[in-house]
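One-letter residues, chain by chain:
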Amino acid sequence: DAGVTQSPTHLIKTRGQQVTLRCSPKSGHDTVSWYQQALGQGPQFIFQYYEEEERQRGNFPDRFSGHQFPNYSSELNVNALLLGDSALYLCASSWGPKGSPLHFGNGTRLTVT
Amino acid sequence: AQTVTQSQPEMSVQEAETVTLSCTYDTSESNYYLFWYKQPPSRQMILVIRQEAYKQQNATENRFSVNFQKAAKSFSLKISDSQLGDTAMYFCAFMKPPYNTGGFKTIFGAGTRLFVKA
């Protein structure tokens, strides 16, 4: 039973560039949430996708966008990268709307130089 | 807006002893879910324990148990018989039931780094 998989594991980009991060949810899960985790801090909610639509969004600028595909996999896109976007990006999947816990991937470490 | 506060940035405990991690939260909701997640140095976050707010009974999972005080908005985690493998960051998290958009959000605290010493 495959868990949540994220790619790539590490990424180095230059300020102003664009990046796409990918996530495949755990088998049987239909909801994907994305989080940004700065070093030594708790995850900050970016947005959540369900049925290919963005259902909830955190306090992140429009430079952060996403997509969910019919197979439930998801992408996180960040445009016009800033140094402050350097962080661990976590994808979490879950099933159903009512209190289902999140299952996390290993994350993508993004470094912006 | 809901907030989650973990007031202990770091804690340490001797192997085989018991430790309690604190968490408080702020919400006007009456129905919600609370979680403790563990993030070991290898960084994959995993669920430790889950509590439904409408259930008065405290959740227990093997060596892990919670003390849920709804009126006080407190949700502490007790780890009994601590093991070296319990060394990790522990995050308290709050989930509000779905919005009318069908989405839901899990909000995390800043975390408590726990060191288990041999």
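Our structure is the block above this text.
Read on for a plain summary of the structure. Source: prediction; values computed, not measured.

Let's shift gears to the overall build of chain A. The helix and strand tally for chain A stands at 0 helices and 11 strands. Traced from its N-terminal end to its C-terminal end, chain A shows the element sequence β-β-β-β-β-β-β-β-β-β-β. Principal-axis analysis of the C-alpha atoms places the extent of chain A at approximately 40 × 25 × 25 Å. Looking at the 113 residues of chain A, the share that counts as buried comes to 52%. Taking the intrachain contacts of chain A between residues at least 6 apart in sequence as the baseline, contacts between residues at least 24 apart amount to 52%. Between the mean site of the 9 positive side-chain charges and the mean site of the 9 negative ones, chain A shows a separation of 9 Å.

With that settled, the discussion passes to the state of the cysteines. One pass over the structure, following the stated rule, counts 2 disulfides over all chains. Disulfide pairing is shown between cysteine 23 of chain A and cysteine 91 of chain A; the S-S distance is 1.8 Å. Handedness here is read from the sign of the S-S torsion; for cysteine 23 of chain A and cysteine 91 of chain A, about -60 degrees, the answer is left-handed. Residue cysteine 23 of chain A is located in strand β3 (residues 19–24), and its partner cysteine 91 of chain A is located in strand β9 (residues 87–94); the two are separated by 68 residues in the primary sequence. Cysteine 23 of chain A gets classed as buried once you look at its relative accessible area, which sits at 3%. Between cysteine 23 of chain B and cysteine 92 of chain B runs a disulfide, and the two sulfur atoms are separated by 2.0 Å. The sign of the S-S torsion, about -70 degrees, decides the handedness of the disulfide formed by cysteine 23 of chain B and cysteine 92 of chain B: left-handed. Highlighted residues: cysteine 23 of chain B in the loop between β3 (19–21) and β4 (24–26) and cysteine 92 of chain B in strand β10 (residues 88–95), separated in sequence by 69 residues. Given a relative accessible area of 1%, cysteine 23 of chain B falls into the buried group.

The next thing to look at is the interface of chain B and chain A. Counting residues at the interface gives 23 residues for chain B, matched by 29 residues for chain A. Carbon and sulfur atoms supply 53% of the area that chain B and chain A bury against each other, a total of about 2,100 Å² over both sides. Where chain B packs against chain A, one counts 0 salt bridges. Listed by contribution, the elements that provide at least two residues to the side of chain B that touches chain A are β5 (33–39), β6 (46–52), β10 and β11 (106–108) of chain B. Residue contributions to the side of chain B that touches chain A peak at 4 residues, all from β5 of chain B. Split by residue class, the side of chain B that touches chain A holds 13 nonpolar, 7 polar and 3 charged.

In this section: the packing of aromatic side chains. Under the defined criterion, the tally for this structure stands at 15 aromatic pairs over all chains. Pairing tyrosine 35 of chain A with phenylalanine 108 of chain B gives two aromatic rings, centres 5.4 Å apart and planes at 85 degrees, and the pair type is edge-to-face. Note that tyrosine 35 of chain A is positioned in strand β4 (residues 31–37) and phenylalanine 108 of chain B in strand β11, a pairing that runs across two chains. You'll find tyrosine 35 of chain A and phenylalanine 108 of chain B in the same group, each marked buried.

This part takes up the pattern of salt bridges. Counting across every chain of the model gives 9 salt bridges over all chains. The closest approach of N and O atoms between glutamate 75 of chain A and arginine 22 of chain A, which form a salt bridge, is 3.4 Å. Of this pair, glutamate 75 of chain A sits in strand β8 (residues 74–78) while arginine 22 of chain A sits in strand β3, and the two are 53 residues apart along the sequence. On the basis of relative accessible area, glutamate 75 of chain A is assigned to the buried category, the value being 17%. Across the salt bridge formed by lysine 55 of chain B and glutamate 52 of chain B, the nearest N and O atoms sit 3.3 Å from each other.

With that settled, the discussion passes to the sheet that holds strand β7 (residues 64–68) of chain A. Residue and element names in this part refer to chain A. Within the open sheet, the 4 strands sit side by side as β1-β3-β8-β7. Their pairing is antiparallel. Only two strands of the sheet have a single partner each, and these edge strands are β1 (5–7) and β7. Neighbour-to-neighbour, the strand axes of this sheet turn through a mean angle of 20 degrees, independent of strand direction. Bridging between β3 and β8 involves 5 bridges; their strand directions are antiparallel. By the bridge assignment for β8, valine 19 is matched with valine 78.

Cut-offs used in this document
Residues numbered from 1 in each chain as written. Chains lettered and ligands numbered in written order. Predicted model: local features only at pLDDT ≥ 70, side-chain atom pairs only at ≥ 80, totals over all residues. Heavy atoms only, no water. Helix = DSSP H or I, 4+ residues; strand = E, 2+ residues; numbered from the N terminus. Buried < 20%, exposed > 50% of the residue type's maximum accessible area, 1.4 Å probe, protein only. Contact = heavy atoms within 4.5 Å. Lys, Arg positive; Asp, Glu negative; His and termini not counted. Charge placed at Lys NZ, Arg CZ, Asp CG, Glu CD. Disulfide = S-S within 2.5 Å. Buried area = accessible area lost by both parts, 1.4 Å probe. Salt bridge = Lys/Arg side-chain N within 4 Å of Asp/Glu carboxyl O. Nonpolar A, V, L, I, M, F, W, Y, C, P; charged D, E, K, R; others polar. Phe/Tyr/Trp six-rings, centres within 6.5 Å; stacked < 30°, edge-to-face > 60°. Pairing = 2+ DSSP bridges. Axes fitted to C-alpha atoms, helices over the stretch in contact; angles between N-to-C directions.

Take it as geometry only, folks, not as evidence of what the structure does.
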